[in-house]
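So the chains spell out like this:
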Amino acid sequence: QVQLVESGGGLVQAGGSLRLSCAVSGIIFRINAMGWYRQAPGEQRELVASITISGITDYSDSVKGRFTISRDNAKNMVYLQMNSLKPEDTAVYYCNVGATEIILRTGRRNYWGQGTQVTVSS
């Protein structure tokens, strides 16, 4: 089984910044793509950023230009730098891994961490 531990969330004012971290461990055969999801109250979980082992990144339109995803392959860590935060960014943020970015986008993962809460005030 895969273990995912997110950290770094908190309460910030609009325009502020946060850096999220995700540690991946457990039984993992292959990790090519890593990604960050978020889920706001009453809404479905959405993939907002992903990165492949070679460094190819993808972002949802809502966060492009403000968020940056990065990874440390040797440590099985993935990070999300969030700048110019807006109230609509408020959500629980989750990380996950998969063989491809396409698989991540389906959201069909067997294991999820506890997530980390990000709250942006006006």
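Presented here is an overview of the structure given in this document. If you're wondering where the values come from, they're calculated on a predicted model, not measured in any experiment.

## As for the overall build of the protein
Consideration 1: When you go through the protein residue by residue, the secondary structure sums to one helix and 10 strands.
Consideration 2: For the protein, the spread of C-alpha atoms along the principal axes amounts to about 45 × 25 × 25 Å.
Consideration 3: Counting over 122 residues, the protein shows a buried share of 43%.
Consideration 4: In the protein, once contacts between residues fewer than 6 apart in sequence are set aside, the share between residues at least 24 apart is 58%.
Consideration 5: Here the protein displays about 6,500 Å² of accessible surface, and carbon together with sulfur accounts for 49% of that area.
Consideration 6: Each charge class in the protein was averaged separately, 12 positive and 9 negative side chains, and the resulting centres sit 6 Å apart.

## Describing the state of the cysteines
Consideration 1: Under the criterion given, the structure shown has one disulfide.
Consideration 2: The residue that forms a disulfide with Cys 22 is Cys 95, at a sulfur-sulfur distance of 1.8 Å. Taking the torsion about the sulfur-sulfur bond, which here is approximately 55°, the covalent link between Cys 22 and Cys 95 counts as right-handed. Placement of Cys 22 in strand β3 (residues 18-26) and of Cys 95 in strand β9 (residues 91-98) is noted, with a sequence separation of 73 residues between them. In this structure, Cys 22 and Cys 95 share a single accessibility class: buried.

## Some remarks on the sheet that holds strand β2 (residues 10-13)
Consideration 1: Spatially, β2-β10-β9-β4-β5-β6 is the arrangement adopted by the six strands of the open sheet, whose pairing is mixed. Strand pairing shows two members of the sheet lacking a second neighbour, β2 and β6 (57-59), which therefore form its edges. For this sheet, the mean angle separating the axes of adjacent strands, direction not counted, is 20°.
Consideration 2: Both strand β5 (residues 46-52) and β6 contribute to a ladder of three bridges, which runs antiparallel. Note that in β6 the partner of Ser 50 across the bridge is Asp 58.

## Some remarks on the nonpolar core
Consideration 1: Ranked by internal contacts, the top residues of the largest apolar core, which has 28 residues, are Val 24, Trp 36, Ile 69, Val 78, Leu 80, Met 82 and Tyr 93.
Consideration 2: For this core, the secondary-structure elements that each account for two or more residues are β1 (2-7), β3, β4 (33-39), β5, β7 (67-72), β8 (77-82), β9 and β10 (116-121).
Consideration 3: Core analysis: the next-biggest nonpolar cluster, separate from the first, contains five residues, Ala 33, Leu 47, Tyr 94 and Leu 104 among them.

## So, the packing of aromatic side chains
Consideration 1: Applying the stated rule across the entire model yields two aromatic pairs.
Consideration 2: Note on Tyr 37 and Trp 112: the rings are 5.0 Å apart at their centroids and 80° apart in plane angle, and the pair reads as edge-to-face. Residue Tyr 37 is found in strand β4, and its partner Trp 112 is found in the loop between α1 (101-106) and β10; the two are separated by 75 residues along the sequence.
Consideration 3: What makes Tyr 37 buried here is its relative accessible area of 2%.
Consideration 4: Judged by its relative accessible area of 25%, Trp 112 falls in the partly exposed class.
Consideration 5: Aromatic side chains Tyr 94 and Trp 112 sit 6.1 Å apart centroid to centroid with 80° between the ring planes, which places their arrangement in the edge-to-face category. In this pair, Tyr 94 is assigned in strand β9 and Trp 112 in the loop between α1 and β10, connecting sequence segments 18 residues apart.
Consideration 6: Taken together, the ring pairs connect Tyr 37, Tyr 94 and Trp 112 into an aromatic cluster.
Consideration 7: In this structure, Arg 45 is placed above the aromatic ring of Tyr 94, and the distance from its NZ or CZ to the ring centre is 5.7 Å.

Criteria and cut-off values
Residues numbered from 1 in each chain as written. Predicted model: local features only at pLDDT ≥ 70, side-chain atom pairs only at ≥ 80, totals over all residues. Heavy atoms only, no water. Helix = DSSP H or I, 4+ residues; strand = E, 2+ residues; numbered from the N terminus. Buried < 20%, exposed > 50% of the residue type's maximum accessible area, 1.4 Å probe, protein only. Contact = heavy atoms within 4.5 Å. Areas by Shrake-Rupley, 256 points an atom, 1.4 Å probe, with all protein chains shown as cover. Lys, Arg positive; Asp, Glu negative; His and termini not counted. Charge placed at Lys NZ, Arg CZ, Asp CG, Glu CD. Disulfide = S-S within 2.5 Å. Pairing = 2+ DSSP bridges. Axes fitted to C-alpha atoms, helices over the stretch in contact; angles between N-to-C directions. Core = buried A, V, L, I, M, F, W, Y, C linked by side-chain atoms within 4.5 Å. Phe/Tyr/Trp six-rings, centres within 6.5 Å; stacked < 30°, edge-to-face > 60°. Lys NZ or Arg CZ within 6 Å of the ring centre and 35° of its normal.

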